[in-house]
Amino acid sequence: PPHLRAKLAPAPTGGGGGGGGRSLAELSELGPREPSVDGGLGARSDVLAEQRTDCDGRCADAQFNGRSLFAGQPHVVRGTGAAGEPPLLGGRADYCACFFHVETCLEAGVHVACLNGEGSAAECARKSVVCVARLSATDENASPLYVSRYTNCFKGNSRSNVHAEQFMIQDGQLLAALSSPEAAGGCLRLYLTYQPCHHSSGHDRTHSAEAHSTSCTRALLAFRAAELEPRAIALEVCMPNLYRAHWAHFDSEELRRLYAPRVVAAQEGMLLLASAPRTLMLSLRQADWTFLLSLADKALAAQWQAAAAVAATEAHGGPPG
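Worth saying up front: this structure is predicted, and the values here are computed from it rather than measured. Along each chain, residues carry numbers from 1 onward, in the same order as the chain's sequence is written. Selection of residues for local features in this predicted model requires a pLDDT of at least 70, selection of side-chain atom pairs for listing and counting requires 80 or more, and totals for whole chains, interfaces and linings are taken over all residues. Excluded from the side-chain calculation are hydrogens and water; included are all heavy atoms of the structure.

Would you explain the nonpolar core in this entry?
Of all hydrophobic cores here, the largest spans 29 residues; its most connected members are Leu135, Tyr150, Met168, Leu174, Leu188, Leu190 and Phe223. Listing elements by their share of this core, those giving two or more residues are strand E2 (130-136), strand E3 (146-151), helix H4 (164-169), helix H5 (172-178), strand E4 (187-192), helix H6 (216-228) and strand E5 (234-238). Non-local contacts of Leu188, meaning those with residues more than four positions away in its chain, are made with Ala133, Arg134, Leu135, Leu174, Phe223, Leu228, Ile233, Ala234, Leu235 and Glu236. Among the buried residues, those of types Ala, Val, Leu, Ile, Met, Phe, Trp, Tyr and Cys that are joined through side-chain atoms within 4.5 Å form a nonpolar core. Only protein chains enter the accessibility calculation, which uses a 1.4 Å probe; a residue is then buried when its area is under 20% of its type maximum, exposed when over 50%, and partly exposed in between. Of all hydrophobic cores here, the second largest spans 27 residues; its members include Val77, Cys114, Leu292 and Ala296. Strands here mean DSSP runs of E at least two residues long; helices mean DSSP runs of H or I at least four residues long; both are numbered from the N terminus. Residues count as neighbours in contact if any of their non-hydrogen atoms are within 4.5 Å of one another.

Spelled out as structure tokens, the structure:
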């Protein structure tokens, strides 16, 4: 990760390892936050009107290779469930880059895990974000009312990029599905590579974190207030990874000054979402992994199931004698 340049070492005991970020508990004590229907934004906030979905095709260029997942494909791809339909989450490489990949994290004491081979040339670059939206009726055991995949559009730098959430917010077919009678009282579940950003992206050393204008958190809150709340539709944001909100260790004072404000911004964005009505932030549960795997290549799903069977057997002391 960019905030850690040195080799991993045991986390220091005591207070801080460079500091810079505040815990969610500490942030929650900064002052009362009265939950509101619109999360502090007008139901028809200009935030929605500001969301861009322009793609000039540059994200598919060779010079940006690896910066946009599913490069060359549309940024909005809907799953219809039709036989022979290409898998929304691709094969092993795409599936890992979207959701499975585990990054080195000193704060959690974990090392990289990658389906494509840790330390290999094929290891995930982790430079982009995917969002899978699943709209369900009140009966979650029924087939989803709508499923779609959204990807970032890389335009050269974090201030110009169009984020996956922005494509989702402007998806006309999703909006139509939300307006259907079946959707009332249901749930819109978003599976994201990381939690939504909140003025927390980028590596620009010439601007403060506050100057980074993009906040998908505020955009989602405005979307929730305008499109979900009137229909009593719950919002669940599910992610296997955190982006910057957990950073506490920095290799230098320069890196601390650069990233610490973004760490705080990321934490505040999570609190904004967590305090919104009918909104949950969740890690991925077994049912979520099963659903995401159903959107991947069938061969990968078969390999996954075989590996799970082996792991279950080993956990119980081997096959019966």
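Let's pick the thread back up.
Help me understand unusual backbone geometry, please; the structure alone is not making it clear to me.
Of all residues except glycine, most have a negative phi; of all peptide bonds, most are trans. You will see that Ala232, though not glycine, has its phi angle at about 55°, which is positive. Position of Ala232 relative to the elements: it lies in the loop between H6 and E5. Within the chain, Arg278 stands out as a residue other than glycine whose phi angle is a positive 50°.

I tried to follow the pattern of salt bridges on my own but got confused; where do I start?
Opposite charge on two side chains makes pairing possible when the charged atoms of those side chains draw close. Here a salt bridge means any side-chain nitrogen of Lys or Arg lying within 4 Å of a carboxyl oxygen belonging to Asp or Glu. Summed over all chains, the structure comprises seven salt bridges. Here Asp171 ties to Arg78 by a salt bridge, and the two come within 2.7 Å at their closest N and O atoms. Of this pair, Asp171 sits in the loop between H4 and H5 while Arg78 is found in strand E1 (residues 76-78), placing the two residues 93 residues apart along the sequence. In this structure Arg78 comes out as partly exposed when scored by relative accessible area, which is 29%. In this structure, Asp288 engages Arg285 in a salt bridge whose closest nitrogen and oxygen atoms are separated by 2.9 Å. For Asp288, a relative accessible area of 2% gives the class buried. Of the residues examined, Arg285 reaches a relative accessible area of 36% and is grouped as partly exposed. Taken together, the salt bridges that share partners define one network made up of Arg189, Glu236, Arg285 and Asp288.

What's the story with the sheet that holds strand E6 (residues 279-282) in this structure? I'm lost.
Backbone-to-backbone hydrogen bonds pair the strands of a sheet. The strands run either parallel or antiparallel. When DSSP finds two or more bridges between a pair of strands, those strands are recorded as paired. Pairing within the open sheet is mixed, and its six strands lie in the order E1-E3-E2-E4-E5-E6. The open sheet has two edge strands with one neighbour each: E1 and E6. Pairwise comparison of adjacent strand axes, ignoring direction, gives a mean angle of 20° for this sheet. Alignment of E1 against E3, held across three bridges, turns out to be antiparallel. The partner of Val76 across the bridge, within E3, is Tyr150. Angles here are taken between N-to-C directions and fall from 0 to 180 degrees, while the axes themselves are lines fitted to C-alpha atoms, restricted in helices to the stretch in contact. Of the strands in this sheet, E2, E3 and E4 are in contact with helix H8 (residues 286-294), which crosses E4 at around 75°.

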